[in-house]
Amino acid sequence: MNKRLGLGGSTLARLLARLGWGLVVMVCLWLGPAAAATALPTGQLVAYLPPGNAITDGRALLRYSLPIDNPDIRSVQATLEGLSDWLRSKRWGPISKDLTKVERVLMRNREAILASVPSGKRAAAISYLDDIEAQLVPLREAVDLRDRETVWLRRAAILDDVSQIEELMVQDFPYAVPPEYDTLPQLKGRATVEIKTSKGTMQAVIDGYSAPVTGGNFIDLVQRGFYDGMEFTRAEDNYVLQTGDPAGPDDGFIDPKTKAYRAIPLEILVKGDEAPVYGTTLEEIGRFLDAPVLPFSAFGTLGMARPNTDPNGGSSQFFFFLFEPEMTPAGLNLLDGRYSVFGYVVENKEVLEQLTQGDRIESIRVVAGADNLVEPT
């Protein structure tokens, strides 16, 4: 049995008043028979789109999800992230103004930024800050020349340095995972994986800060070679690409020690919460409109598949969310708060556009952060 993502009729009925029929119609088209079982009205239907601009870049979402609290580095990050909007519309004046803002923060508040970095890591942070300041010079020159491509590249390189500084600021794991999950692997930090497929190789970051149980399960299975040679069993344009269903009658991973199905709980960290919500959808506890720290708003989001009727029935099957802004509006795609997100593809995302049902994962390897995996004792 291939666990399909879907919405039951009762769930749809509760969402109609909030979202409007248009979005539900689109969702039913994407999710197939499980969702389409609910009767739909006839006539002209208009999809509801959320206000504001959702963050659709996986790297940016990973930066914002780090458990740190330094307003100065966050200001630098947000200003640089915001350049993308000005670049798309070729608004060179606002770009120049925002670069001045970044330069001013780095000049005036350098010590305040470094104060959040543990002393043993401060030398590395200083090096990254020096590199940012050095790269701002050619970035400014590219802006003056209206060289859009160079601005994109320089901005990305500086944001990589910002990411490194922010990761250096993280000290201890920010919360305790409930003891009932101590029998499961946990990722106490982040890990980077290389996903080699029959159509090319991608790189993804698995975020244990936001999803330690889900991320730990995935990295453990990667380390076991569980996904090597496995087929993609479901592919739907602008929706999902799914894999992780082992050959034979089993729907997920059977732990060789216990001979039992390893079940993974639904795990969602909400913005502003100290720890994830476990075992229930946000809708079921009246928090449908709350925003997850890791949302389904980026092309290449990694989500945990599960049976529609069992929030805690996930195991090995996962999917790549193929975000399409016009069809799956960020924040109201009906997956946020209902499925666990545990990472994002950050390099060679175009490979996802080529993969389809029947293609294979040749191998997945952990290339960084393997030491953050904590196996159960």
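Residues numbered from 1 in each chain as written. Predicted model: local features only at pLDDT ≥ 70, side-chain atom pairs only at ≥ 80, totals over all residues. Heavy atoms only, no water.

*Asks:* Is there a simple way to explain the side chain of Q77 in this structure?
*Replies:* Residue placement: Q77 occurs in helix α5 (residues 71-88). Looking at Q77, its side chain comes within polar contact range of the side chain of R74, at 2.9 Å. The residues touching Q77, leaving out its near neighbours within four places in the chain, are A60, R63, Y64, L159, V162 and E166. (Helix = DSSP H or I, 4+ residues; strand = E, 2+ residues; numbered from the N terminus. Polar contact = N/O pair within 3.5 Å; in protein donor to acceptor, adjacent residues only side chain to side chain. Contact = heavy atoms within 4.5 Å.)

*Asks:* Where do I start with helix α9 (residues 148-169) in this structure?
*Replies:* In an α-helix, one full turn covers 3.6 residues, which means residues spaced three or four apart are oriented alike. An ideal rise of 1.5 Å per residue puts 32 Å on 22 residues; α9 measures up with 32 Å between its terminal C-alpha atoms. V151, R155, I158, L159, D161, V162, S163, I165, E166, L168 and M169 are the residues of α9 that are buried. Looking at the buried residues of α9, the elements they touch are α4 (58-64), α5, α6 (92-108), α7 (110-114) and α8 (122-144). (Expected span 1.5 Å × (residues − 1). Buried < 20%, exposed > 50% of the residue type's maximum accessible area, 1.4 Å probe, protein only.)

*Asks:* In this structure, what is going on with the nonpolar core? I would like to understand it.
*Replies:* Grouped together as the largest cluster of nonpolar side chains are 59 residues, with contacts concentrated most on V193, F218, I219, Y227, L302, F320 and L352. The contacts of V193, once residues within four sequence positions are left out, are M202, Q203, A204, I206, F218, I219, I364, R365, V366 and V367. In terms of nonpolar packing, the next biggest core, distinct from the first, is built from 32 residues, V105, L114, A125 and V170 among them. (Core = buried A, V, L, I, M, F, W, Y, C linked by side-chain atoms within 4.5 Å.)

*Asks:* Help me understand the packing of aromatic side chains in this model?
*Replies:* Ring pairs (aromatic) are described by centroid distance and by the angle formed between their planes. Taken as a whole, this structure holds 16 aromatic pairs when the rule is applied. An angle of 5° between the planes, with centres 5.8 Å apart, marks the rings of F296 and F319 as stacked. With F296 in the loop between β7 (277-278) and β8 (301-304) and F319 in strand β9 (residues 318-321), this residue pair connects regions lying 23 residues apart in the sequence. For F296, a relative accessible area of 0% puts it in the buried group. Residue classification places F319 among the buried residues on the basis of a relative accessible area of 0%. Members of the aromatic cluster, connected to one another through ring pairs, are F218, F226, Y227, F232, F253, F318, F320 and F342. We note K188 situated over the ring of F173; from NZ or CZ to the ring centre the distance is 5.1 Å. When the ring centre of Y339 is taken as reference, the NZ or CZ atom of R306 above it lies at 4.5 Å. (Phe/Tyr/Trp six-rings, centres within 6.5 Å; stacked < 30°, edge-to-face > 60°. Lys NZ or Arg CZ within 6 Å of the ring centre and 35° of its normal.)

*Asks:* What is the right way to look at the sheet that holds β8 in this model?
*Replies:* Note: strands within a sheet are paired through backbone hydrogen bonds, in either parallel or antiparallel orientation. Spatially, β4-β5-β9-β8-β10-β3-β2-β11 is the arrangement adopted by the eight strands of the open sheet, whose pairing is antiparallel. The outermost strands of the open sheet, each flanked by one partner alone, are β4 (232-236) and β11 (361-368). In this sheet, neighbouring strand axes are inclined to one another by 25° on average, regardless of whether the strands run parallel or antiparallel. Sheet strands in contact with helix α10 (residues 212-224) are β2 (190-197), β3 (200-207), β8, β9, β10 (341-347) and β11, and its direction is about 115° off that of β11. (Pairing = 2+ DSSP bridges. Axes fitted to C-alpha atoms, helices over the stretch in contact; angles between N-to-C directions.)

*Asks:* I keep staring at the environment of P376 and nothing clicks. Help me out?
*Replies:* Mapped onto the elements of the fold, P376 is located in the segment after β12 (373-374). As for P376 and L184, which are separated by 192 residues in sequence, their C-alpha atoms are 5.8 Å apart.

*Asks:* Is there a simple way to think about unusual backbone geometry in this case?
*Replies:* The phi angle of most residues is negative, glycine excepted, and most peptide bonds adopt the trans form. One non-glycine residue, K259, adopts positive backbone phi at about 60°. Tracing the backbone through its elements, the reader meets K259 in the loop between β5 (240-243) and β6 (267-268). Phi is positive for N348, close to 60°, though the residue is something other than glycine. Tracing the backbone through its elements, the reader meets N348 in the loop between β10 and α11 (351-354). Classification of N348 as partly exposed rests on a relative accessible area of 38%.

*Asks:* What is the right way to look at the side chain of T301 in this model?
*Replies:* Within the secondary structure layout, T301 lies in strand β8. Here the side chain of T301 touches A298 through a polar contact of 2.6 Å, landing on its backbone oxygen. Ignoring sequence-local partners within four residues, the contact set of T301 consists of P295, F296, F319, F320, F321, V341, G343 and Y344.

*Asks:* I keep staring at α6 and nothing clicks. Help me out?
*Replies:* Its 17 residues place the ends of α6 25 Å apart at the C-alpha level, agreeing with the 24 Å of an ideal helix rising 1.5 Å per residue. Taken together, the buried positions of α6 are occupied by W92, P94, I95, D98, L99, V102, V105 and L106. Axial view of α6: buried residues confined to an arc of 155°, hence all on one face. Counted as exposed and oriented over 90 degrees from the buried face of α6: K97, M107 and R108. Taken together, the buried residues of α6 touch α5, α7, α8 and α9. (Arc of directions from axis to C-beta.)

*Asks:* How should the packing of α8 against α9 be read in this particular structure?
*Replies:* How two helices pack is summed up by the angle between their axes together with the distance between the axes. Between α8 and α9, the shortest axis-to-axis distance is 9 Å and the interhelical angle comes to 165°. For the element pair α8 / α9, the angle class is roughly antiparallel. Every pair of crossing elements has a handedness; the one defined by α8 and α9 is left-handed. Along its contact with α8, which presents A124, A125, Y128, L129, D131, I132, Q135, L136, P138, L139, A142 and V143, the element α9 presents T150, V151, R154, R155, A157, I158, D161, V162, Q164, I165 and L168. Residue composition of the contact of α8 with α9, by class: 16 nonpolar, three polar and four charged. (Parallel < 35°, antiparallel > 145°, perpendicular 65-115°, else oblique. Left-handed = near helix turned anticlockwise from the far one by under 90°. Nonpolar A, V, L, I, M, F, W, Y, C, P; charged D, E, K, R; others polar.)

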